[in-house]
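One-letter residues, chain by chain:
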Amino acid sequence: MSTTPATAVPRVVYRRPELLTERSTHYCPGCGHGVVHRLVAEVLGELGLGPRTIAVAPVGCAVFAYDYLALDFVEAPHGRAPAVATGIRRVRPDAFVLTYQGDGDLAAIGTAEIVHAAARGERITAVFVNNGIYGMTGGQMAPTTLLGQRTTSSPAGREAASAGYPLHITEMLALLPGVAYAARGSLVDPAWIGRTKAFLKRACEAQLEGTGFAIVEVLASCPVGWAMTPRDSLAFLRERMMAEFPPGLLIDRGRSAVSDRPED
Ligand code: SF4
């Protein structure tokens, strides 16, 4: 016989967001992409943006994002998501436009596209997953790889003398007046995942307010590329990645950034 009072309301502790499909992902155990997908699905769902969103998928480990998020997607050539999103934004002013890219895609091959989309103040929201490595192609050094970090193309560890320093591209973008919002989150623990969701929500609101380009970088682990267990990769994320790339809000120009540009 049940001891639950007839008036008790069950507390929901887990529910699949409507914008997350029921497919299992191809991601490795401990990968951050699945968590970011869920956050994107939750935020877009809470803002009621699913039906009007056109997302742009990257090349990289998240190339199949269109299988996991129940959104309209366009697949961009490697690094070109901000350019594709710019075209969508201009021909579909009613759409909510979101890009999803990893660090190899956004901070190496697509550096020109992200910089100029941000400089133009394109009204798009960019989700930038930084795990400091090229995951899909076998764990090679990326612009965001840490000094001393071993990768398959820097087996002795990245040296500044030959490979330069980790690229802080979100800080660079935050300097541009066309950027309405820039923040860096982390998937290191539930508290940071919650803050990251808040950053993503605010970045979406910036697009709705028409204040300019918005970006959220998300520090995520890549256990396979880092040659670590998922547990050890979280320690690396906290102790090394978050030390090099401090998470937090970088800029929120809010409504004060509204320019004299005519509405799209
Ligand atoms: S290689 Fe890294 S980023 Fe790619 S799916 Fe595996 S854990 Fe994720």
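Residues numbered from 1 in each chain as written. Predicted model: local features only at pLDDT ≥ 70, side-chain atom pairs only at ≥ 80, totals over all residues.

## Some details on the sheet that holds strand β9 (residues 248–252)
Filter applied, for reference: The pairing criterion is simple: DSSP has to find at least two bridges between the two strands. Secondary structure follows DSSP: runs of H or I at least 4 residues long count as helices, runs of E at least 2 residues long count as strands, and numbering of each begins at the N terminus. A fitted line through C-alpha atoms represents every axis, and for helices the fit uses only the stretch in contact; the resulting angles, taken between N-to-C directions, go from 0 to 180 degrees.
Pairing is mixed across the open sheet formed by seven strands, whose spatial order is β2-β1-β3-β4-β8-β7-β9. The sheet is open, and its two borders are formed by β2 (72–75) and β9, each paired with just one other strand. Within the sheet, the average angular offset between the axes of one strand and its neighbour, ignoring direction, is 15°. Relative to β2, strand β1 (residues 53–57) is paired through four bridges, and the arrangement is parallel. Bridging across to β2, Ala-55 finds its partner in Phe-73.

## Overview of the site of the ligand
Rule in force here: Any residue whose backbone-placed C-beta atom lies within 6 Å of a molecule or strand is treated as near that molecule or strand. Asp, Glu, Lys and Arg are counted as charged, while Ala, Val, Leu, Ile, Met, Phe, Trp, Tyr, Cys and Pro are counted as nonpolar; the rest, among them Gly, fall into the polar class.
Contacts to the ligand come from Tyr-27, Cys-28, Cys-31, His-33, Cys-61, Asn-131, Gly-135, Met-136, Cys-222, Pro-223, Val-224 and Gly-225. With three residues, the single largest contributor to the shell around the ligand is helix α9 (residues 223–226). Here the residues of the shell around the ligand are counted per class, giving eight nonpolar, four polar and no charged.

## Some thoughts on the packing of helix α3 (residues 81–91) against helix α5 (residues 111–119)
Note the following rule: When an angle is under 35 degrees it counts as roughly parallel; over 145 it counts as roughly antiparallel; between 65 and 115 it counts as roughly perpendicular; any other value is oblique. Two residues qualify as being in contact provided that their C-beta atoms, derived from the backbone, are within 7 Å of each other.
Between α3 and α5, the shortest axis-to-axis distance is 7 Å and the interhelical angle comes to 40°. One finds that α3 runs oblique with respect to α5. Across the interface between the two elements, Pro-82, Ala-83 and Thr-86 of α3 pack against Glu-113, Ile-114 and Ala-117 of α5.

## Details of helix α10 (residues 230–244)
Note the threshold: Multiply 1.5 Å by the residue count of a helix minus one, and that product is the helix's expected span. For a residue, the bend is simply the angle between two axes, fitted respectively to the seven-residue segment ending there and the seven-residue segment starting there.
The first and last C-alpha atoms of α10 sit 20 Å apart over 15 residues, in line with the 21 Å expected at 1.5 Å per residue. Leu-237 marks the point of greatest bend in α10, at about 35°. Against the buried residues of α10 lie β7 (179–186), β8 (213–219) and α9.

## A closer look at α5
Note the following rule: Burial is judged by counting the other C-beta atoms within 10 Å of a residue's own C-beta: 20 or more makes it buried, 12 or fewer makes it exposed, and any count in between marks it as partly exposed, with every C-beta position built from the backbone. The arc in question is traced by the directions running from the helix axis to the C-beta atoms.
Buried residues of α5: Glu-113, Ile-114, Ala-117 and Ala-118, and no others. The buried residues of α5 occupy one face: seen down the axis, they fall within an arc of 120°. As for α5, its buried residues are in contact with α3, α4 (103–109), β4 (125–130), α7 (169–174), β7 and β8. Two residues or fewer after α5 comes Gly-121, characterised by a positive phi angle close to 65°.

## Things to note about the pairing of β4
Taken across its six residues, β4 has six buried, putting it largely inside the fold. Here β4 shows two buried faces, one formed by Thr-125, Val-127 and Val-129 and the other by Ala-126, Phe-128 and Asn-130. Where strand β3 (residues 96–102) meets β4, five bridges bridge the pair, whose relative direction is parallel. Its bridge partner being in β4, Gly-102 is matched across the sheet by Val-129. Sheet topology note: the β4/β8 ladder contains six bridges and is parallel. In the strand pairing of β8, Phe-128 is matched with Glu-217.

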